[in-house]
Amino acid sequence: MWSRRFTLLAVSASCIGSSSGAEVASNQNPVRKVVTMLQSMQKKVEEEGEKEKDLYERFMCYCKSGTGDLSASISAAQEKIPQVTSAIEAAEGKLAQTKEDL
């Protein structure tokens with residue numbers, strides 16, 4: 001939508017510049033400067049839009065595939081909790097035994 005507005009504005013500005021009848025060099029013509037600036041802005045906006053589209057597609061791909069990976073990681077960690085708890089209890093028992101021996 002923005003690109004259409006810029007294009008329309010650029011076309012109308014170029015028509016105004018050509019109908020004025022002033023034979024001024026294009027590098028000094030203020031209307032030409034505005035048109036050039038608008039065209040460069042349009043190009044930048046379109047490039048940024050493409051970059052944003054690419055980033056959005058990457059993010060959506062991550063959301064679709066990342067959910068399964070995270071779920072698997074969470075379930076593996078939950079299965080490991082009892083093993084770690086028993087290892088900690090065994091280490092605490094061994095520590096208490098070692099303190100008694102000293």
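So, how was this worked out
Residues numbered from 1 in each chain as written. Predicted model: local features only at pLDDT ≥ 70, side-chain atom pairs only at ≥ 80, totals over all residues. Heavy atoms only, no water. Helix = DSSP H or I, 4+ residues; strand = E, 2+ residues; numbered from the N terminus. Buried < 20%, exposed > 50% of the residue type's maximum accessible area, 1.4 Å probe, protein only. Areas by Shrake-Rupley, 256 points an atom, 1.4 Å probe, with all protein chains shown as cover. Patch = residues over 30% accessible without salt bridge, like charges linked within 9 Å, V, L, I, M, F, W, Y side chains within 5 Å. Salt bridge = Lys/Arg side-chain N within 4 Å of Asp/Glu carboxyl O. pLDDT = per-residue confidence, 0-100. Contact = heavy atoms within 4.5 Å.

*Asks:* Would you explain the overall build of the protein chain in this entry?
*Replies:* When helices and strands are counted, the protein chain shows two helices and zero strands. Burial statistics for the protein chain: of 102 residues in total, 9% are counted as buried. Summed over its atoms, the accessible surface of the protein chain is roughly 8800 Å², and 60% of this surface lies on carbon and sulfur atoms.

*Asks:* Quick question: what am I supposed to make of a nonpolar patch on the surface here?
*Replies:* Side chains of Val34, Met37 and Met41 sit close together on the surface and give an oily, nonpolar patch of about 240 Å² of accessible area. Counting through the fold element by element, Met41 comes out in helix 2 (residues 30–101). Given a relative accessible area of 35%, Met41 falls into the partly exposed group.

*Asks:* Help me understand the pattern of salt bridges in this model?
*Replies:* Oppositely charged side chains can form a pair if their charged atoms are brought close together. As enumerated under the stated definition, the model contains one salt bridge in all. One salt bridge connects Asp54 with Arg58, and the closest N-O pair in it is separated by 3.2 Å. Here the residue Asp54 and the residue Arg58 both occupy positions in helix 2, the gap between them amounting to four residues, near one helical turn.

*Asks:* Help me understand the confidence of the model for the protein chain, please; the structure alone is not making it clear to me.
*Replies:* Do not read the predicted coordinates in detail wherever pLDDT is low. A residue-level look at the protein chain finds 74% of positions with pLDDT of 70 or above and a mean pLDDT of 80. Per-residue pLDDT stays below 50 along residues 19–24; that stretch engages in one contact with residues further than four places along the chain or on separate chains.

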